[in-house]
Amino acid sequence: MSHPHAARRAQSDLAGGIRHFPDVFKYSGRAFELVWTTSRGLTLLFVALTVVSGLLPAAIAWVGKLIVDSVVTPGLPWPAPFSWFPQEWRGQYQALVFVAIEAVLVTAMAASQRGISICQSLLRALLGQRVNVMILEKAVTLNLAHFEDAEFYDKLTRARREASSRPLSLVNQTFGLVQNAISLVAYLGILLQFSGWAVVILALAGLPAFWVEAKFSGAAFRLFRWRSPETRQQWYLETVLAREDYAKEVKLFQIAPRLLERYRAIFAKLYPEDRDLTLRRGFWGFVLGLLSILALYGAYAWIVVAAVARRITLGDMTMYLLVFKQGQSAFAAILTSIGGMYEDNLYLSNLYELLEHPVEAHPGKATTPLAPGDGVRFEHVRFTYPGAAAPAIDDVTFHLRPGQKLALVGQNGSGKTTLIKLLTGLYLPQEGRVLIDGRDVREWDIDILRKRISVIFQDFVRYQFTVGENVGAGDVDRFQDRERWDYAADLGMAKPFIAEMPDTYDTQLGSWFKGGRELSGGQWQKVALSRAFMREDADIIVLDEPTAAMDAEAEAQIFDHFRKATQNQMAILISHRFSTVRMADYIIVLDHGRVLEAGTHDELMQHKGTYARLFSLQAAGYR
């Protein structure tokens, strides 16, 4: 989905002003709470150092004035805070004392700033980890439909891109605002001794630049949201061009130049929006920022004239100039912090939109069957994917008894894998019922339901783990059970080649990590098949074309072995090889989600329908 009018919409939003600015504090409290609960000690230290850093600049400016006045007019009385110094130190030593005091204050300022930097670095690591875990914990609760929804996936992508760093950024902006506010109050207290108008000029000079930053921050965020689909397309193209599991095909089909061209085209479409926004932001920021420069030098001239007229001392002039300049910087920093808080709040909305997105929990709580030994029943089941025009499954009915082997046959897109998703509770049927031992899958506790079923899909995961962990992933409760690994690998026919590996079950698989060993397609499928046997208590085993990379003879051997190993279990086989399908006790032929034919191999051959025709065609290919 593209947004050709994004720049115009952003410009229109700018014309509307900062009407949404009250939202600046919408998530600030929650961000601070997040940081506070992440590390109370670091947060308290951060607060203390912020207060100290806010007070010290004004103190340094005042001591600087005392140094100048002590040099110009030796022998001045000690100011009240230093009246305890010996009177004999007045004169030539007085300026040196103030220099030493300023050195101590500057050292304390440097220490506090370094401490703030350390706090920020530690909190950034802790908070980044915590927020990422929160996002991942939310992802675990999501239904399969969420991951197959492009709009929701954009939301997840936006949250993962920015939200892990934004909470600390928002707290940093808040603390920066507090620090600069403390400094500004101290500066204003000093400037009031000179003139109240200086305070007014200081405050007004920074407003235009702040107004620009706040408005353009909102525009930048809106562009970020609108362009999520295009950005995700770029990331995908980066993955295809730079991942090892895509490299062979990309090189052999010589598709890389075309993908690079598409990558550049997406950037070429997005860049003008970034360029226009950056140029407008920079231009208006500079133009309105000139007001701050004019105010500074206007105040500079005013203070110099007052010093020439002897209304203030040379030290006062030095202090007021420094205070006005630093006060202007502090005021600008405060406004920038508020603008930054506004921008961080906008981006944090991505995180909380994701975390607060309602997820419909599986309704069932039952842990025991209503009709033990009844097996699996589909009763007039109908299911349509969100946004699809036609149902993926339409009025499907069948009964699989304990110990029986069912084969599903049909063209790609006929609904075979959708049936498995419905059986495992990844989706719930819109019409009809799916029953396991007499109880609807809606009623089963989802964890109990899934422990009864072991599934290996055609696109099974090739975990970049050790061999044992790849097998153990089939049963999280026995993930590190080496004896069970060995038993499952034996049933999955992976044990012979695992035994030949240098570290057997401790051999790292894949090429992502050092020392990893890549397997052939057939070996990976045997590892995945072994994974299916990890669940000792599973009474339903589903194999969704897990042997597609094997030759017909190897597949026949595996399914013959599989049939013997699962004599007391129900099994559902999905395969396009009819030599394997014929081993099943019952065969269902699907077409566009509907049951076209059903029966044993012999019955279907006698029927001389679709199954018999496809079987004969495939058999002819082996003659």
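For the structure itself, consult the block above.
Computed from a prediction, not measured in an experiment: that's the story for all the values here. (Residues numbered from 1 in each chain as written. Predicted model: local features only at pLDDT ≥ 70, side-chain atom pairs only at ≥ 80, totals over all residues. Heavy atoms only, no water.)

Participant: What is the right way to read a nonpolar patch on the surface from this model?
Facilitator: Residues F283, W284, F286, V287, L290, I293, Y297 and Y300 make up a contiguous nonpolar surface patch of roughly 810 Å² in combined accessible area. Within the fold, L290 resides in helix α12 (residues 256-308). Residue classification places L290 among the partly exposed positions, given a relative accessible area of 34%. (Patch = residues over 30% accessible without salt bridge, like charges linked within 9 Å, V, L, I, M, F, W, Y side chains within 5 Å. Areas by Shrake-Rupley, 256 points an atom, 1.4 Å probe, with all protein chains shown as cover. Salt bridge = Lys/Arg side-chain N within 4 Å of Asp/Glu carboxyl O. Helix = DSSP H or I, 4+ residues; strand = E, 2+ residues; numbered from the N terminus. Buried < 20%, exposed > 50% of the residue type's maximum accessible area, 1.4 Å probe, protein only.)

Participant: Mind showing me how you'd approach the sheet that holds strand β6 (residues 453-456) here?
Facilitator: Where strands meet in a sheet, backbone hydrogen bonds hold them as pairs that are either parallel or antiparallel. Read from one edge to the other, the open sheet built from six strands follows the order β6-β7-β8-β3-β9-β10, with strand pairing classed as mixed. What marks the edges here is a single partner per strand, and that holds for β6 and β10 (594-599). The average undirected angle you get between the axes of adjacent strands in this sheet is 15°. In the sheet, strand β3 (residues 405-409) pairs with strand β9 (residues 586-591) via four bridges, with the strands oriented parallel. If you follow A407 over to β9, its bridge partner there is I587. This element, helix α14 (residues 416-423), spans β3, β6, β7 (540-544), β8 (570-574) and β9 of the sheet and lies at about 150° to β8. Where helix α19 (residues 521-532) meets the sheet, it contacts β6 and β7, and its direction lies at approximately 170° from that of β6. (Pairing = 2+ DSSP bridges. Axes fitted to C-alpha atoms, helices over the stretch in contact; angles between N-to-C directions. Contact = heavy atoms within 4.5 Å.)

Participant: Teacher, can you tell me more about the nonpolar core here?
Facilitator: Generally speaking, soluble globular proteins have nonpolar side chains that are buried together. Ranked by size, the top nonpolar core spans 49 residues in total, and within it I135, I303, I312, Y320, V323 and L348 carry the most contacts. With 15 residues, the single largest contributor to this core is helix α13 (residues 314-355). (Core = buried A, V, L, I, M, F, W, Y, C linked by side-chain atoms within 4.5 Å.)

Participant: I would appreciate a short explanation of the environment of Q464 in the present structure.
Facilitator: Within the secondary structure, Q464 sits in the loop between β6 and α16 (467-472). For Q464 and G516, which are 52 residues apart along the polypeptide, the C-alpha to C-alpha distance reads 8.2 Å.

Participant: What's the story with α14 in this structure? I'm lost.
Facilitator: For an α-helix, 3.6 residues make a turn, and residues three or four places apart therefore share a direction. Buried residues dominate α14, accounting for seven of its eight residues. All of the buried residues along α14 are K416, T418, L419, I420, K421, L422 and L423. At the C-terminal side of α14, G425 shows a positive phi close to 80°.

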